[in-house]
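# Residue-level structural notes
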Amino acid sequence: LDEELRARILEALPARRAAEIVVEMTPDDRADVLEELSEDAAEDILAEIPAEERVITERLLAYEPDTAGGLMTTDFVSVPGDISVDDALERVREMAREGRQEAMYSIWVTDGDGRLRGVMSLRELLAAAPGTRTDEVAWTEVVSVPATCDRSDVARVTSEYDLVAVPVVDDDRRLVGVVTVDDVIDAIEEEHSEDVQKMG
């Protein structure tokens, strides 16, 4: 639905029913939708969302909409660097069965504190020799952006390095989310529309 119509419909529904709808969305889409609503309506709907999803949504809403934090999803696949590829593959299977991960094509490797250490494709994980550790397979030269990075800079990084997803890290380099290329395209189109409206 068109953003304005979607907002009108959600605001017209009872908060509990609206919450049932938005909770089915990916975290980033859910945050975007709530951002479009009046503050009161958004708060009422948030109050009806289950606790775990509410915490994630509120964390995303805390970022400015035109930053990497505002664009990112928390539905990504990450595995510790000190486990075997066999264990990592089993974790990826479990995540895939849940059906909520947007960026299944990139698997992010982290250390014990959640800091970004590398990335590998699903193909590389499948092709790795049994018993190998994930940090031995992963590419360690990972391009990432801070959560405060402006959306135009996220787009530039995506284009410059030909990425399908950009990891978003906090000040301690902990992986907090991922911006997918489709979200970058949406952001560029939105920025272009805003520029056209300003000129008109």
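Presented here is a report on the structure given in the accompanying data block. (Residues numbered from 1 in each chain as written. Predicted model: local features only at pLDDT ≥ 70, side-chain atom pairs only at ≥ 80, totals over all residues. Heavy atoms only, no water.)

### Some thoughts on the packing of helix α2 (residues 15-22) against helix α4 (residues 39-48)
Let me state the cut-off plainly: Under this scheme, a helix contributes an axis fitted over its contacting stretch, all axes are lines through C-alpha atoms, and angles between N-to-C directions fall in the 0 to 180 degree range. Numbering of helices and strands runs from the N terminus; a helix is a DSSP stretch of H or I covering at least four residues, while a strand is a stretch of E covering at least two. Convention used here: angles under 35 degrees read as roughly parallel, angles over 145 as roughly antiparallel, angles from 65 to 115 as roughly perpendicular, and any remaining angle as oblique. The contact definition used throughout considers only heavy atoms, calling two residues in contact when any of these lie within 4.5 Å. Amino acids outside the nonpolar list (Ala, Val, Leu, Ile, Met, Phe, Trp, Tyr, Cys, Pro) and the charged list (Asp, Glu, Lys, Arg) are all regarded as polar, and Gly is one of them.
Running from N to C, α2 and α4 point in directions that differ by 70 degrees, and their axes come no closer than 8 Å. One finds that α2 runs roughly perpendicular with respect to α4. Contacts between α2 and α4 involve A15, R16, A18, A19 and V22 from the first element and D44, I45 and E48 from the second. Classifying every residue of the contact of α2 with α4 by side-chain character gives five nonpolar, no polar and three charged.

### Remarks on empty space enclosed by the protein
The criterion, for reference: In this analysis, the protein atoms alone were mapped onto a 1 Å grid. Cavities are point sets where a 1.4 Å probe fits without being able to get out; pockets are open sets with protein on both sides within 12 Å along at least five of seven lines; lining residues have an atom within 4 Å of a point. Grid points are joined across faces, edges and corners, and a volume is the space filled by probe spheres set on the points.
Under the defined criterion, the tally for this structure stands at one cavity of 30 Å³ or more. By volume, the largest cavity is sized at about 70 Å³. D28, A31, D32, E35, L60, L61, Y63, P65, G69 and G70 are the residues that line the largest cavity. Among the secondary structure elements, those contributing two or more residues to the lining of the largest cavity are α3 (27-36), α5 (51-61) and α6 (68-71). No other element matches the four residues that α3 contributes to the lining of the largest cavity. Here the residues of the lining of the largest cavity are counted per class, giving five nonpolar, two polar and three charged.

### Notes on the nonpolar core
For clarity, the threshold we go by: Residue types Ala, Val, Leu, Ile, Met, Phe, Trp, Tyr and Cys, when buried and joined through side-chain atoms within 4.5 Å, form a set referred to as a nonpolar core. A 1.4 Å probe rolled over the protein chains alone gives each residue an accessible area, and that area as a share of the maximum for its type sets the label: buried under 20%, exposed over 50%, partly exposed in between.
Among the nonpolar cores identified, the biggest contains 16 residues, and A68, V145, V154, V168 and V179 are the most heavily contacted of them. Mapped onto this core, the elements with two or more residues apiece are α6, α10 (151-160), β5 (165-169) and α11 (181-199). Top element by residues in this core is α10. It accounts for three residues. Not counting the four nearest positions on each side in its chain, V179 is found in contact with A68, L71, M72, V154, V164, A165, V166, V168 and V184.

### Thoughts on α10
For clarity, the cut-off: Think of the arc as the fan of directions from the helix axis to the C-beta atoms.
The set of residues buried in α10 consists of R151, V154, A155, V157 and T158. Each buried residue of α10 lies within a common arc of 165 degrees when the element is viewed along its axis, so the set occupies one face. Phi turns positive one or two residues past the end of α10, at D162, with a value near 55 degrees.

What is shown is where atoms sit, not what they do.
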